[in-house]
Amino acid sequence: MIKGFSCTKCQKVYGPDYKSFTCESCGDVGILDVLYDYKAIGNHFTKLSLSKDKRLNLFRYLPLLPIKDDFIDKALQVGYTPLYRSNNIHNEIDVQKLYIKDDGLNPTASLKDRASVIAVLKCLEAKKDTICCSSTGNAASSLAGNAARMGLKTVIFVPKRAPIGKLTQLQVYGANVLSVNGDYSATYDMSKYAIDQYGYYNRNAAINPYLIEGKKTVALEIAEQLDFNMPDWVSISVGDGCTIGGVYKGFYDLLQLGFIKHIPKLLGVQAAGCSPLYKAFHNKTMPVPEEELTLADSISVGIPRNPIKALEAVRKSKGTYVEVTDEEILSSIALLGRTEGVFSEPASAASLAGVIEARKLGHISPDETVVIINTGNGLKDPANGRKAVGELTLIEPTTESVDDILNK
Ligand SMILES: *Cc1c(COP(=O)(O)O)cnc(C)c1O
Ligand SMILES: [Zn+2]
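Quick look at the structure, then.

Rules used throughout
Residue numbers restart at each chain and count upward from 1, following the sequence in its written direction. All chains are assigned letters beginning with A, and all ligands numbers beginning with 1, in the order in which they are written. Where local features are concerned, this predicted model is filtered to residues with pLDDT of at least 70; where side-chain atom pairs are given and counted, the filter is 80 or more; whole-chain, interface and lining totals use all residues. Each side-chain value is worked out from all heavy atoms of the structure, with water and hydrogens disregarded. In this analysis the probe radius is 1.4 Å and the grid spacing 1 Å, with only protein atoms considered; a cavity is a set of points the probe fits into but cannot get out of, a pocket is an open set with protein on both sides within 12 Å along at least five of seven lines, and lining residues have an atom within 4 Å of a point. Grid points are joined across faces, edges and corners, and a volume is the space filled by probe spheres set on the points. Going along the chain from the N terminus, every DSSP run of H or I of four or more residues is numbered as a helix, and every run of E of two or more is numbered as a strand. Polarity classes work like this: nonpolar for Ala, Val, Leu, Ile, Met, Phe, Trp, Tyr, Cys and Pro, charged for Asp, Glu, Lys and Arg, and polar for all others, with Gly in that last group. Note on classification: 1.4 Å probe, protein chains only; a residue is buried when its accessible area is under 20% of the maximum for its type, exposed when over 50%, partly exposed between these limits. Identification of polar contacts relies on pairs of N or O atoms within 3.5 Å, with a donor-acceptor requirement for protein atoms, meaning one able to donate a hydrogen and the other able to accept it, and with residues adjacent in sequence counted only if both atoms are side-chain atoms. Any pair of residues with heavy atoms lying within 4.5 Å of one another is described as a contacting pair. Atoms of type N, O and S within 2.8 Å of a metal are treated as its donors, and for Na, K and Ca the window is 3.2 Å; water is not considered, so some sites may appear to be missing partners. Geometry is assigned from the angles between donors: four donors with all angles from 85 to 135 degrees make a tetrahedral site, four or six donors whose opposite pairs exceed 155 degrees while the rest stay between 65 and 115 make square planar or octahedral sites respectively, and everything else is labelled irregular. Ring pairs shown here join Phe, Tyr and Trp side chains whose ring centres sit within 6.5 Å, with only the six-membered ring taken for Trp; geometry is labelled stacked below 30 degrees between planes, edge-to-face above 60, and tilted in between. Any Lys NZ or Arg CZ that is within 6 Å of a ring centre and within 35 degrees of that ring's normal is treated as a charge sitting over the ring. Salt bridge, as applied in this entry: a Lys or Arg side-chain nitrogen positioned within 4 Å of an Asp or Glu carboxyl oxygen. The pairing criterion for strands is at least two bridges between them, as found by DSSP. Here, the term right-handed applies to a crossover whose path from the first strand over the helix to the second runs clockwise when the strands point away from the viewer. Near, as used in this document, describes a residue that has one of its heavy atoms within 4 Å of the molecule or strand being considered. All accessibility values rest on the Shrake-Rupley procedure with a 1.4 Å probe; residue burial counts only the protein chains present in the view. For a molecule to be placed in a cavity or pocket, more than half of its atoms must lie within 2 Å of the grid points of that cavity or pocket. For a helix, the expected span equals 1.5 Å multiplied by the residue count minus one.

1. Details of the layout of surface pockets
No. 1: The volume enclosed by the largest pocket comes to roughly 670 Å³.
No. 2: Forming the boundary of the largest pocket are 27 residues, of which Tyr 18, Lys 19, Phe 21, Lys 122 and Tyr 210 lie nearest the centre.
No. 3: Elements that contribute at least two residues to the lining of the largest pocket include exactly α4 (113-125), α7 (184-198) and β10 (201-202).
No. 4: Ranked by residue count, the leading element in the lining of the largest pocket is α7, at 4 residues.
No. 5: In the lining of the largest pocket, the residues fall into 14 nonpolar, 4 polar and 9 charged.
No. 6: One number sums up the size of the second largest pocket: a volume of about 480 Å³.
No. 7: Contributing to the lining of the second largest pocket are 20 residues, with Ser 6, Thr 8, Asp 33, Tyr 248 and Lys 316 lying nearest its centre.
No. 8: Its residues assigned to classes, the lining of the second largest pocket shows 10 nonpolar, 4 polar and 6 charged.

Shown next, in the form of structure tokens:
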């Protein structure tokens, strides 16, 4: 159901049968955007048709997805994660109306499932049997799980620093894992080599234009779950920039279809230890490569692969970028857990830390409605979760020691 592609760099337009993932004139930096015929889609895809769709997964948005429906019944159930109105946390951070979109509840426990389920379906359509990606962790574990479900093989490149939860998922899902003794950029280069050399299907989210289309479904759901009354802000942590690009695309689609009246301001959040897009946004330049010095592994991306979409999404939405320290990220893990019962991994908690920062800087005012996206479950990275809350105290098995603690 797609109309074609346009190059995000030179704006050249390609037809729907164009096979390459990037623009033939611009090469790897010419990332493509998928184009839809909104008029044709709007003829049968309406708020009413959507409200009658019984599928509680992202396939309820099939008319806005670049896939055929041949294999969707066999796929893992991705999406339609809960959107919670906060019970407690808004009082602590002085934002009256806060919602939490808990994408940690996807099948492999991160938002990346939205892209991976599209990747495995496109791989089947392309009649290939092996998918390859490089990832800081979640894209990999997500791809491995979604591919396993569809009987596809995976070759996965991860940097050696990837947390144990994610690495274990990879192995349990039966992936062929290559742990690279280097940073994420080196890992990315190795996967690019393997894809070219062995002809694997490419799930690198920046390059493959279809994956952002999967990620955009988080925005479609937020809108639908809020009955198409848009919040003022949506806060998203940013690494490569595909997620925030996808969030923008989802709202853009709904605006074209007339389902919503405006696109919320997007708050892009980066970790201060690695914030090339934050700096590029405020300096009005392209990102300059940086070292990867943050414990938020999922957004520790020194060379963001999707800079144009990541910067444009925030600019066009009239939002902004902020950066947060690792200490602020850790305290946000504890705060979100303690106040709302939602456990987040560091990159995911950054979206909350970013809201706190944006309140301090005056970007967000207390009466504005804010949605934070919990992009990954905290069980993926228990070691950093421990850092957020400290060690347990061990007691002797005596009633006195119980009383000592409980009477404190
Ligand atoms: C991948 C990821 C992000 C950032 O997404 P990008 O597309 O790399 O910008 C944020 N949080 C989590 C948990 C992720 O896995
Ligand atoms: Zn181009």
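Picking up where we left off.
2. Section: the side chain of Ser 86
No. 1: The residue Ser 86 is located in the loop between β5 (83-85) and α3 (89-93) in this model.
No. 2: A residue is classified by how much of its surface remains accessible, and Ser 86, at 5% relative accessible area, is buried.
No. 3: Reaching out from Ser 86, the side chain makes a polar contact with the side chain of His 90 at a distance of 2.7 Å.
No. 4: For Ser 86, the contacting residues outside a window of four places in its chain are Leu 98, Ile 100 and Glu 340.

3. Section: the coordination of the zinc ion (ligand 2)
No. 1: Here the zinc ion (ligand 2) is held by Cys 7 (SG), Cys 10 (SG), Cys 23 (SG) and Cys 26 (SG), and the distances to it run 2.3 to 2.4 Å.
No. 2: One way to put it: the 4 donor atoms around the zinc ion (ligand 2) meet at angles of 107 to 112°, and that makes the site tetrahedral.
No. 3: Written as a sequence motif, the donor arrangement for the zinc ion (ligand 2) is C-x2-C-x12-C-x2-C.
No. 4: Given a relative accessible area of 21%, Cys 26 falls into the partly exposed group.

4. Points about the packing of aromatic side chains
No. 1: Under the definition given, this model contains 12 aromatic pairs.
No. 2: Among the aromatic residues, ring-to-ring pairing joins Phe 5, Tyr 14, Tyr 18, Phe 21, Tyr 201 and Tyr 210 into one connected group.
No. 3: Between the NZ or CZ atom of Arg 60 and the centre of the ring of Tyr 61, over which it lies, the distance is 5.9 Å.

5. What about the pattern of salt bridges?
No. 1: By the definition in use, this model includes 25 salt bridges.
No. 2: Of the charged contacts in the structure, one is a salt bridge between Arg 60 and Glu 224, with a shortest N-O distance of 2.5 Å. Placement of the pair is Arg 60 in the loop between α2 (47-52) and β5 and Glu 224 in helix α9 (residues 217-225), with a sequence separation of 164 residues.
No. 3: Overall, the relative accessible area of 4% leaves Arg 60 in the buried class.
No. 4: As a salt-bridge pair, Glu 312 and Arg 315 come within 2.6 Å of each other at their nearest N and O atoms. Of the two residues, Glu 312 and Arg 315 both sit in helix α12 (residues 307-316), 3 residues apart, roughly one turn of that helix.

6. Thoughts on the side chain of Thr 108
No. 1: If you trace the backbone, Thr 108 turns up in the loop between β6 (97-102) and α4.
No. 2: In this structure, Thr 108 is in contact with Asp 113, Ser 141, Ser 142, Gly 145, Asn 146, Gln 169, Tyr 173 and Lys 380, ignoring residues within four places of it in sequence.

7. Observations concerning the sheet that holds strand β4 (residues 27-36)
No. 1: Across the sheet, 4 strands lie side by side as β2-β1-β4-β3; this open sheet has antiparallel pairing. At either end of the open sheet lies a strand with only one pairing partner, and these are β2 (13-14) and β3 (22-23).
No. 2: Across 2 bridges, β3 lies against β4 in antiparallel orientation. Each residue of the ladder has a partner; that of Cys 23, found in β4, is Gly 27.

8. Examining the pairing of strand β12 (residues 265-271)
No. 1: Counting buried positions along β12 yields 6 of 7 residues, so the element is predominantly enclosed.
No. 2: In this sheet, β12 lies alongside strand β11 (residues 233-237) in parallel orientation, the contact comprising 5 bridges. Bridge pairing links Ser 235 to Leu 267 in β12.
No. 3: A crossover links β11 with its parallel partner β12, the connecting element being helix α10 (residues 242-256), and its sense is right-handed.
No. 4: When β12 meets strand β13 (residues 320-324), the two strands line up parallel, connected through 5 bridges. Looking at the pairing, Val 269 lines up with Val 322 of β13.

9. Points about the site of ligand 1
No. 1: In the vicinity of ligand 1, 16 residues are found, and the nearest of them are Lys 112, Asn 138, Gly 241, Thr 243 and Thr 375.
No. 2: For ligand 1, a nitrogen atom lies 3.5 Å from a polar atom in the side chain of Ser 237.
No. 3: A distance of 2.8 Å separates an oxygen atom of ligand 1 from a polar side-chain atom of Thr 243.
No. 4: Taking 380 Å² as the accessible area of ligand 1 by itself, protein coverage stands at 96%.
No. 5: Counting atoms within 2 Å of the grid points, the majority share of ligand 1 lands in the largest cavity.
No. 6: Taken together, the residues of the shell around ligand 1 break down into 4 nonpolar, 8 polar and 4 charged.

10. Thoughts on α4
Think of an α-helix as turning once every 3.6 residues; residues three or four places apart then point the same way.
No. 1: Given a rise of 1.5 Å per residue, 13 residues ought to cover 18 Å, and the 18 Å separating the end C-alpha atoms of α4 matches this to within 8%.
No. 2: The secondary structure elements touched by the buried residues of α4 are β6, β7 (130-134), α5 (138-149), β10, α8 (211-215) and α9.
No. 3: Backbone geometry just downstream of α4 places Lys 127 in the positive-phi region, at approximately 55°.

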